Amino acid sequence: MSQNYWKISLYINYKPNQIMIQITNLKKSFRTEEVETLALNKVNMNIAEGEFAAIMGPSGCGKSTLLNIIGMLDNPTEGSYRFAGHEVGGLKERQRTELRKGNLGFVFQSFNLIDELTVFENVELPLIYLKMSKNERREKVTKVLERMKIAHRAKHFPHQLSGGQQQRVAIARAVVTKPKLILADEPTGNLDSKNGTEVMNLLTELNQEGTTIVMVTHSDHDSNYAHRVINLFDGQIVTESQNRAMGAMV
Amino acid sequence: MIKNYLKIAWRNLWKYKGFSAINVGGLALGLSCFILIALYIADELSYDRYNEKADRIFRINSDIRFGGTDLIMAVSADPMGATLKKDYPQVEEYTRFYNSDGAKLIKNGYEYIPEGRVTHADSTLFKVFTLPSILGNTATALNDPNTVVITESAARKYFGSVSNALGNTLETDEENGLYKVTAIIKDVPHNSHFNYDFFFSMDNVDYNFGNFLSHNFHTYIVLKPGEDYKEFSKKFPEVIDKYVLPQAKEYMNIASMADFERSGNNLEYSLTPLTDIHLHSSRSVEMGVNGNIQYVYIFAAAALFILLIACINFMNLSTARSAGRAKEVGMRKVLGTEKKALVGQFLLESTLMACFAMFLAIGITWLTMSWFNTIAGKEMVIGTLLQTPYLLVLILLPFLVGGLAGVYPAFFLSSFQPVIVLKGKQNATVKKSNFRNILVIFQFTTSIILVIGTVIIYQQLHHIQTSKIGFDKEQVLVVDNPGLNWEKRESIKNEIGKLSDVKSASFAGFLPVENSSRTDNTFSTEAVANTDNAFNMQNWSIDYNYIPTLGMEIIKGRNFSPDFGTDSTAIIINETTANLLEPEDPIGKKLYSRDESGLTQEYSIIGVVKNFNYESLRKNIGPLSFRLRNNSWASAYRINATDIKSLLQTIEATYKDYAPGMPFNYQFLDEAFDNMYRQEQRVGKVAFSFAVLAIVIACLGLFGLATYMAEQRTREIGIRKVLGASATNVVSMLSVDFLRLVLFSFVIAAPVAWWIMHKWLEDFAFRISMGWWIFIVTGALALILALLTVSYQALKAANANPVKSLRTE
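Because the structure is a prediction, the values reported are computed rather than measured.

A.B. asks: Help me get a handle on the overall build of chain A, residues and values and all.
C.D. replies: Tallying secondary structure elements over chain A gives 9 helices and 10 strands in all. A compact globule built from 250 residues should have a C-alpha radius of gyration of about 18 Å, and chain A, at 18 Å, falls within 12% of that. In terms of principal-axis extent, the alpha carbons of chain A reach across some 45 × 45 × 45 Å. Expressed as a percentage of its 250 residues, the buried residues of chain A come to 44%. Relative to all contacts within chain A whose residues are 6 or more apart in sequence, the contacts with residues 24 or more apart total 69%.

A.B. asks: Give me the overall build of chain B: which residues, what numbers.
C.D. replies: When you go through chain B residue by residue, the secondary structure sums to 27 helices and 24 strands. Dimensions along the principal axes, computed over C-alpha positions, put chain B at roughly 110 × 60 × 60 Å. A fraction of 82% describes how many contacts in chain B between residues 6 or more apart in sequence connect residues 24 or more apart.

A.B. asks: Explain the pairing of strand E2 (residues 36-48) of chain A residue by residue, including any values.
C.D. replies: It is a general feature of regular strands that their side chains alternate between the two faces of the sheet. Residues and elements named next belong to chain A. Alignment of strand E1 (residues 19-31) against E2, held across 9 bridges, turns out to be antiparallel. Counterpart to lysine 28 in the pairing with E2 is leucine 40. Linking E1 back to E2 in an antiparallel pair, the connection comprises 4 residues.

A.B. asks: So what's going on with the interface of chain B and chain A? Which residues, and what values?
C.D. replies: By a frequent convention, interface size equals the accessible area lost on bringing the separate parts together. Facing the 17 residues of chain B at the interface are 20 residues of chain A. Of all the secondary-structure elements, those providing two or more residues to the side of chain B that touches chain A are helix H24 (714-722) and helix H27 (802-806) of chain B. The leading source of residues in the side of chain B that touches chain A is H24(B), at 5 residues. The residue inventory of the side of chain B that touches chain A, partitioned by class, reads 8 nonpolar, 5 polar and 4 charged.

A.B. asks: Could you give me a rundown of the sheet that holds strand E24 (residues 666-668) of chain B, with the residues and numbers involved?
C.D. replies: All names here are of chain B. The antiparallel open sheet is built from 4 strands, whose spatial order is E15-E23-E14-E24. The strands lining the two open edges of the sheet, one partner per strand, are strand E15 (502-507) and E24. Neighbour to neighbour, the strand axes of the sheet diverge by 20° on average, direction disregarded.

A.B. asks: Requested: an account of the sheet that holds strand E9 (residues 228-233) of chain A, with residues and values cited.
C.D. replies: All names here are of chain A. Spatial ordering of the open sheet is given by E6-E7-E8-E3-E9-E10, a layout of 6 strands whose pairing is mixed. Sheet topology places strand E6 (104-108) and strand E10 (236-242) at the edges, where each strand pairs with a single neighbour. Shown here is a sheet whose adjacent strand axes are inclined to one another by a mean of 15°, direction ignored. One ladder, built from 4 bridges, connects strand E3 (residues 52-56) with E9; its direction is parallel. Considered in E9, the bridge of alanine 53 is made with arginine 228. The strands touched by helix H2 (residues 63-70) are E3, strand E7 (181-185), strand E8 (212-216) and E9; relative to E8, the strand with the most contacts, the crossing angle is about 155°. Helix H7 (residues 193-208) rests against E3, E7 and E8 of the sheet, and its axis sits at about 150° to E8.

A.B. asks: Give me the confidence of the model for chain A: which residues, what numbers.
C.D. replies: Averaged over all residues, the pLDDT of chain A is 84; the fraction at 70 or higher stands at 90%. The model gives residues 245-250 of chain A a pLDDT under 50, and that stretch makes 7 contacts with residues more than four places away or in other chains.

A.B. asks: So what's going on with the packing of helix H6 (residues 163-175) of chain A against H7(A)? Residues and values would help.
C.D. replies: Residues and elements named next belong to chain A. In contact at an axis separation of 9 Å, H6 and H7 are set at 15° when each is read in the N-to-C sense. Classified by the angle between their axes, H6 and H7 sit roughly parallel to one another. The handedness of the crossing between H6 and H7 is right-handed. Counted together, Gly163, Gly164, Gln167, Ile171 and Val175 of H6 and Asn195, Glu198, Val199, Leu202 and Leu206 of H7 form the full contact between these two elements. Across the contact of H6 with H7, the residue classes tally to 5 nonpolar, 4 polar and 1 charged.

A.B. asks: Break down unusual backbone geometry for me, citing the residues and quoting the values.
C.D. replies: Unlike most non-glycine residues, Asn112(A) shows phi in positive territory, near 50°. The residue Asn112(A) is located in the loop between E6 and helix H4 (119-129) in this model. Non-glycine residue Asp48(B) carries a positive phi angle of around 65°. On the secondary structure map, Asp48(B) appears in the loop between helix H2 (17-45) and strand E1 (57-66). You can call Asp48(B) buried: it has 20 C-beta atoms within 10 Å.

A.B. asks: Outline the nonpolar core, listing residues and values.
C.D. replies: Residues and elements named next belong to chain B. One finds Leu31 and Ile306 to be the most contacted residues of the largest nonpolar core, which totals 161 residues. In terms of residue count, helix H23 (residues 678-712) provides more of this core than any other element does, 19 residues in total. Setting aside its immediate chain neighbours within four residues, isoleucine 306 contacts Gly30, Cys33, Phe34, Phe690, Leu693, Ala694 and Ile697. Counting 54 residues, the second-largest nonpolar core is a separate cluster that includes Met80, Leu84, Tyr94 and Ile150.

A.B. asks: Which residues make up H6(A), and what values do they have?
C.D. replies: All names here are of chain A. Here H6 is 13 residues long and its end C-alpha atoms lie 18 Å apart, about the 18 Å a rise of 1.5 Å per residue gives. Counting buried residues along H6, 11 of its 13 residues qualify, which places the element largely inside the surrounding structure. All of the buried residues along H6 are Gln165, Gln166, Gln167, Arg168, Val169, Ala170, Ile171, Ala172, Arg173, Ala174 and Val175. Looking at the buried side of H6, the elements it contacts are E6, H4, helix H5 (134-147), E7 and H7.

A.B. asks: With reference to specific residues and values, describe the environment of Glu186(A).
C.D. replies: Residues and elements named next belong to chain A. Here glutamate 186 lies in the loop between E7 and H7. Considering only alpha carbons, one finds glutamate 186 and valine 107, 79 residues apart in sequence, at a separation of 8.2 Å. Residue contacts for glutamate 186: discarding those within four places in its chain leaves Gln109, Val216, Thr217 and His218.

A.B. asks: Run through helix H18 (residues 486-497) of chain B, naming residues and quoting values.
C.D. replies: For H18(B), built from 12 residues, the straight-helix expectation of 16 Å at 1.5 Å per residue is met to within 8% by its first-to-last C-alpha distance of 16 Å. On its buried face, H18(B) sits against E15, strand E23 (634-639) and helix H21 (644-658) of chain B.

A.B. asks: Which residues make up the environment of Val451(B), and what values go with them?
C.D. replies: All names here are of chain B. Looking at the element boundaries, valine 451 is found in helix H17 (residues 434-466). On the neighbour-count criterion, valine 451 (26 C-beta atoms within 10 Å) is buried. For the pair valine 451 and valine 692, spaced 241 residues apart in the sequence, the C-alpha separation amounts to 7.7 Å. Once residues within four sequence positions are removed from consideration, valine 451 is found in contact with Ala691, Ile695 and Thr778.

A.B. asks: Which residues make up the packing of H2(B) against helix H13 (residues 339-376) of chain B, and what values do they have?
C.D. replies: All names here are of chain B. In the contact formed by H2 and H13, the axes pass within 7 Å of each other and the chain directions differ by 45°. One element, H2, and the other, H13, form an angle in the oblique class. Where H2 crosses over H13, the two elements pack in a sense that is right-handed. Contact residues: Asn23, Val24, Leu27, Ala28, Leu29, Leu31, Ser32, Ile35, Leu36 and Tyr40 in H2; Met353, Ala354, Phe356, Ala357, Met358, Leu360, Ala361, Ile364, Thr365, Thr368, Phe372 and Ala376 in H13. Of the residues assigned to the contact of H2 with H13, the class counts are 18 nonpolar, 4 polar and no charged.

Calculation rules
Residues numbered from 1 in each chain as written. Chains lettered and ligands numbered in written order. Predicted model: local features only at pLDDT ≥ 70, side-chain atom pairs only at ≥ 80, totals over all residues. Helix = DSSP H or I, 4+ residues; strand = E, 2+ residues; numbered from the N terminus. Rg over C-alpha atoms; globule rule 2.2 N^0.38 Å. Buried ≥ 20, exposed ≤ 12 C-beta atoms within 10 Å, placed from the backbone. Contact = placed C-beta atoms within 7 Å. Pairing = 2+ DSSP bridges. Nonpolar A, V, L, I, M, F, W, Y, C, P; charged D, E, K, R; others polar. Axes fitted to C-alpha atoms, helices over the stretch in contact; angles between N-to-C directions. pLDDT = per-residue confidence, 0-100. Parallel < 35°, antiparallel > 145°, perpendicular 65-115°, else oblique. Left-handed = near helix turned anticlockwise from the far one by under 90°. Core = buried A, V, L, I, M, F, W, Y, C linked by C-beta atoms within 7 Å. Expected span 1.5 Å × (residues − 1).

Written out as structure tokens, the structure reads:
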């Protein structure tokens, strides 16, 4: 079994314009003691490598559930999810963890930084789990903090930073492993417009460098940064639209 | 409002059944342990306080150092009490006990029954001690010879009822052994330092009265109200000068006390308050096995610590659950509840839980009382708890514990800010608390100390049982010889000695276990004794077979032998005596001592026996010698039998043939030896139970704290998992913190335990050295237990779906 997911890990060598995410007839239901809620119902979608996709929809429509499945934090109840051509929908927790490491980066609305760790240590964390050497970690973290213009705050704790700064740290943590896919869940939801714009510009920059981005958002403004907007309603994709105005926003 | 609080409290208890069970169960265990130990301590402290004059009664002790031997005794000379009363107006009354003759055989129908709870007492006994009469006048009951006062139990045993006993006669196996029962008293309370059922008249004691140099009487004086016993003790030197010294000059060539003391000798008398005897006195010839104040302190500390550990758990577990109730607090605050009311609500909840725990604790105490009595050697009853002071404690304790345990969570919960908790962000503000870590360290430090202590007590007991004590205590049967003449006893011994399963047989009046006969004589290396050449030495009368039967070893010279006609004046000494006589070779040397008639006798040393412990291993081995003389109150048989039961039947039949109607009393030497350490065995068992309990409660607490920490760190664990942390990463992250606490506890506990046990071991002349491995193994055990306890919660947290913990919608 362990050989299996190592193999998958090795296979993730993308080719340009290849389909990175292929979701077919995907269903996700949650069961409590008496009620079963269908969060996603027969979702079909593809996301190509290098694409910037926005998922939109009202609260409770299943956006975050879909993002969690794409991010391999959760498994679908039914249907297929192929990542870089390989079925990952039924993988076990350990296999998903292995696959996530270094391949996927996450950015959350509430930043989700660890309060007890400094900025440097927060960003360093995914590299530790990749068992990277200390020197290598220091080099990579320093570089990414400089790029995010937050290096001068390296020794500060999250609560000593502004919301915008915290989200930049979160993005630094998401990209420090140079993942091919970044999943952003309402990345500007807790920020003012100035800091929000800064974060969106950063994501766009990363996308232009080749990183695939899937972003869940409520904001029409933010969705304009994406190449494509997927609209969800009651667990189903209702519309998909290509975004032509993207260039103007950057 | 209170109804609403009660409803919420009950529903919370019920919703988290497992948690509530741990919380209430842990507290109940702690409370139950506290109640048991409190009863135990109260019982220990109550000794002899039933006497109306308890605060004015004092026992006279004798401390004698002579010839390098120390005698620290609970007895004094027979004329001492009367002399003090005569010469000093401070003394209101005195009374004496004499029980050097040991057990008596008392006739019941056609059979003699050995009774150990017998003593001779002065007629003033009832003026000193409060022993209420049921029938008869105790004021005059022991005025005449051949009178006896018995307890209610003895009256029922021998006469069927109390009323039948009065005026009736008891028959013992002694000459002139008919005693008239002149009074029946209530049974002596169990918490008395003496426990007799028969008080025979002092007039029947066959003793050379008036001798200030022999110390054989337990003597008690009553001082008049207002007299200070310490001040009165200063009178003893006067008594020594006036009464003891003249006799010492006459018998032992002692010129003056100064001369006596210059030679390194000493004689002192002192007083022990009656209420101090049970816990503060451990002299030679005590009237029974006393307690030890050290153990009372240790148990009191253990009880308090266990109660504290249980309270700490209660606090930790309540706090652990509190994060889950943040929303309720937030809503109550939004709806207008004041902080005061919230504090009241949570205090009410914790007090209710503590009351519930107390009911459970009383149940546990009731169930475990007889077990505890067995291991602690007590006769406590659950009914004692109904007495007013206990009842008050039982009622107040839950409020105290509930308040103590509830105060932290109450203030902690009620301080939640509604805006923050309703946004679900309370967790971030409550986890940075060192207080709980300190509590865990305290719990584990206490537990580790208790475990190390228990292991060392057991090791010392094992050491006592297996160490080379200089004789072979296994497979030696000791049988009391019935009241027959010497020839018949010899015949019984010889007949049994011929049995195939009996390897050797000897008379054994003196045995190397406590509470056996002892004779202490002054010996000198020159014919005229003086303070420079004289020393005190045990002098035991043995026969030819005694040394091989007891498995002792002659290391120089030879044993007594019928081949040598001169052995009646020969003496065998132990190594300690040989060392006293160094550098000369002791074999062939002479020792001198006065016999019963006061004439000086010369003895020739023919052998040296390897040192053997003839008293508890708490004491060093003093000078001892053997002489070939008849002492036949008991016989010892070294046996080699697989079917001990049938051998015993054969031996009993032989005894019954010679002495029909006489009791057949036997014991194995190893059992008698073990009896010397009964107190330590009890302490070991009690300490073991407390150690297990402390560990269980501490682990419950740790479990609670692990639950709490896992709950507090749910979000962090989620983030780490999203970033690629494996379950192993998470488990080790959560466990390491706790293991660090346990390790820290060990660092504190190890030296404290070492110090306490070092003090305890100092009481033993023959003791183990504390091995470092005990500390390492205990530390490792604590770590493993902590790891196992924490692992459950850590694994649960590690395997939880991170999506749930990061959901912000």
